[in-house]
Amino acid sequence: MRWKGPALALLGAAAVAAIAIGFTLSGGGSTTITNASTTATGAGTTSAGDATSNTGTTNTGTGTGTNLITLPEPGQIRLGHRLLVATVDDAVKQSDPALAAGLMKVSHDAGFGAVMVSSMWKPGAQAPSAQDRTTLANVVKAADAEGMEVFVFVWHGLSGATPRTAHARSQFAAYTAALARAFPQIRDFVVGNEPNLNTFWMPQFGPGGRDMAASAYLDLLARTYDAVKAVSPHIQVIGGALAPRGSDRPGTKRDTHSPTRFIQDLGAAYRASHRSKPIMDAFSIHPYMRTSKLPPTDTHAKSTTITIGDYPKLATLLAGAFTGTPQRGVDLPVYYTEFGVQTRVPAGHRQAYTDLQSPSAADAVDPQTQARYYREALELAACQPTVKGLFVFHTFDESDLAGWQSGLYYADQKPKASLPAFRKAATDARAASLTQCSGVIFVKKK
């Protein structure tokens, strides 16, 4: 889930429950991780990340002094691999099945082969509400009609609802398992939303600056993995969902962890748990650039930030965190589950938006630049061996200009000039004909 600018001050239950062009969305305990972490019982989000500067950090983010993964070397030219191209948009979660079907068709026609929607766990819940089941059923039916996959990210909303105790985390796991049981058509679940940010997870730090967020999230992930796998071993459990930036400095008003530090600490906590089973089948990150004006090809070799161009850093971190354990690391599949480039809203479409004086869109670009950056993001991902898909946040702009205007359609559902070029890039990405690669970089056309 993406919150930014003045919108952050207005967050609350109502704000969390209404995103994406105004359509309706459906105390610290000890951490113990064992093979019996399936104590979840019962029948059982998204943000461009922390904008906190990494000033003063020079960590390369490799997490290890030796290379634990062999990446393709530059020189030999090869075709990029096939990619899943998806959208993250709760606009399709509708109580009216006809409306859900219409919005899903627009997403499909834009070039998306899958959709990810949210399901929010509330403290104490062990199964989704009747309303949640209705809207999700409409999503599944509409996606099936278009031949699209459905991913669900299960989260708890803002940090005030963080599952801080083993009991709460067991309830979260039971809730996710209930979703899996109710909707056997859904084979992919993302656990949590940006647990390295205090917007979505607290506490981040403990005594002596210890990373409490990573160890607590590990327990949540392990319990959810076991609960969901008990429903079906074929369901893919996706962990991480990390923001691309963080400060790694405790005691600030914006306590956050960088993805580099969080992955290292997650691996250390996993090793310390002596768990003999995995915690995830794939890993996800939200590789937003610091501003939409920056191309996805930019890298961050001298900081702890991770965006799409930093794939070698990410791959090495995952290898270092989990090599030699029951958890895959070197070849762990990666999904970029949120990425967006926002555009300016022309005068002819502004009647569909609110908060028109918001300064939050100051980094917006023109549609042609958006199309180019989306293509470059897909081209990079297609050259990165373990990356399986890229998810654009969203199909439709959010109607509040304090939100996020990264869709291929304006809030009035009129297409942007970027749509045709994006549709072509998405089609080529699915067919593995998008680009040629040298190492993990795409070959630019002359």
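Scroll up for the structure.
Given the structure is predicted, the values throughout are model-derived calculations rather than measurements. (Residues numbered from 1 in each chain as written. Predicted model: local features only at pLDDT ≥ 70, side-chain atom pairs only at ≥ 80, totals over all residues. Heavy atoms only, no water.)

> Quick one: what's the story with the overall build of the chain, residue by residue and with numbers?
Helix and strand counts for the chain come out as nine helices and 13 strands. Buried residues in the chain amount to 61% of all 446 residues. Looking at the chain as shown, the accessible area adds up to about 16,300 Å², and 56% of this sits on carbon and sulfur atoms. (Helix = DSSP H or I, 4+ residues; strand = E, 2+ residues; numbered from the N terminus. Buried < 20%, exposed > 50% of the residue type's maximum accessible area, 1.4 Å probe, protein only. Areas by Shrake-Rupley, 256 points an atom, 1.4 Å probe, with all protein chains shown as cover.)

> Go over the state of the cysteines, please, and point to the residues and values.
Inspection of the entire model under this criterion finds one disulfide. Each disulfide pairs two cysteine sulfurs, and for Cys383 the partner residue is Cys437, the sulfurs being separated by 2.0 Å. Between Cys383 and Cys437, the S-S dihedral sits near -85 degrees, and the bridge is therefore left-handed. With Cys383 in the loop between α8 (367-382) and β11 (387-392) and Cys437 in strand β12 (residues 436-438), this pair connects stretches of sequence that are 54 residues apart. Look at Cys383 and you get buried, because its relative accessible area is 0%. Note on Cys437: relative accessible area 0%, which makes it buried. (Disulfide = S-S within 2.5 Å.)

> Run through the pairing of strand β5 (residues 114-120), naming residues and quoting values.
The buried fraction of β5 is high, at six of seven residues. With three bridges joining them, strand β4 (residues 84-88) and β5 adopt parallel strand pairing. Within β5, the position partnered with Val88 by the bridge is Met116. Between the parallel pair β4 and β5, the chain is carried across by helix α2 (residues 97-110), and the sense of this crossover is right-handed. (Pairing = 2+ DSSP bridges. Right-handed = clockwise from strand over helix to strand, strands pointing away.)

> Break down the packing of aromatic side chains for me, citing the residues and quoting the values.
Note on aromatic pairs: each is described by the distance of the centres and the angle between the planes. All told, the structure shown has 15 aromatic pairs when counted by the stated rule. Between the aromatic rings of Tyr374 and Phe422, the centroid separation amounts to 5.8 Å while the plane-to-plane angle is 70 degrees, which identifies the pairing as edge-to-face. Within this pair, whereas Tyr374 is found in helix α8, its partner Phe422 is found in helix α9 (residues 419-430), the two being separated by 48 residues in sequence. Phe422 matches Tyr374 in its accessibility class, with the two residues each being buried. Aromatic rings pair up to connect Phe112, Phe339, Tyr374 and Phe422 into one cluster. (Phe/Tyr/Trp six-rings, centres within 6.5 Å; stacked < 30°, edge-to-face > 60°.)

> Report on the environment of Ala319, specifying residues and quantitative values.
Topologically, Ala319 is positioned in helix α7 (residues 311-322). Relative accessible area serves as the criterion here: at 0%, Ala319 is assigned to the buried category.

> Please set out unusual backbone geometry residue by residue, giving values where relevant.
Residue Pro203 is reached from Met202 by a cis peptide bond, and omega for that bond is 0 degrees. Checked against the element boundaries, Pro203 lands in the loop between β7 (188-191) and α5 (212-231). Unusually for a residue other than glycine, Asp355 sits at a positive phi of about 55 degrees. Here Asp355 lies in the loop between β10 (334-339) and α8. Residue classification places Asp355 among the partly exposed positions, given a relative accessible area of 34%. The phi dihedral of Gln413 falls on the positive side, at around 70 degrees, and the residue is not glycine. The residue Gln413 is located in the loop between β11 and α9 in this model.

> So, helix α6 (residues 259-273): which residues are in play, and what are the values?
Counted at 1.5 Å a residue, the expected span for α6 with its 15 residues is 21 Å, and the 21 Å between its end C-alpha atoms agrees. Among the structural elements, α5, β8 (236-242), β9 (282-285) and α7 are those in contact with the buried residues of α6. Just downstream of α6, His274 is the residue with a positive phi angle, here 60 degrees. (Expected span 1.5 Å × (residues − 1). Contact = heavy atoms within 4.5 Å.)

> Would you mind going over the nonpolar core in detail, with residue names and values included?
By size, the foremost hydrophobic cluster in this structure holds 95 residues, and its most contacted members are Ile263, Phe283, Leu314, Tyr336 and Phe422. For this core, the leading source of residues is α5, giving 10 residues. In this structure Phe422 touches Val85, Ala110, Phe112, Tyr374, Leu378, Val392 and Leu408, once residues within four positions along its chain are discounted. Of all hydrophobic cores here, the second largest spans 21 residues; its members include Phe153, Trp155, Phe200 and Ala282. (Core = buried A, V, L, I, M, F, W, Y, C linked by side-chain atoms within 4.5 Å.)

> Describe the pairing of β10, and please don't skip the residues or the numbers.
Among the six residues that make up β10, six are buried, leaving the element largely enclosed by the rest of the structure. With three bridges connecting them, β9 and β10 associate as parallel partners. Each bridged residue has a counterpart across the sheet, and for Phe283 the counterpart in β10 is Val334. Pairing geometry for β10 and β11, over four bridges, is parallel. Opposite Tyr335, over in β11, you have Gly389 as the bridge partner.

> Go over the side chain of Asn196 with me, naming the residues and quoting the values.
Locating Asn196 in the fold gives a position in the loop between β7 and α5. Setting aside anything within four residues of it in sequence, one finds Asn196 in contact with Gln204, Leu242, Ala243, Arg245, Thr256, His257, Ser258, Pro259 and Phe262.

> Explain α2 to me, and be specific about the residues and the numbers.
Along an α-helix, residues three or four positions apart point the same way, because every turn accommodates 3.6 residues. The first and last C-alpha atoms of α2 sit 20 Å apart over 14 residues, in line with the 20 Å expected at 1.5 Å per residue. Turning to α2, its buried residues are Ala100, Leu103, Met104, Ser107 and Ala110. When α2 is viewed along its axis, its buried side chains cluster within an angular range of 115 degrees and face the same direction. Its side-chain oxygen placed 2.9 Å from the backbone nitrogen of Ala98, Asp96 serves as the N-cap of α2. Directly after α2, the chain includes Gly111, whose backbone phi takes a positive value near 120 degrees. (Arc of directions from axis to C-beta. Polar contact = N/O pair within 3.5 Å; in protein donor to acceptor, adjacent residues only side chain to side chain.)

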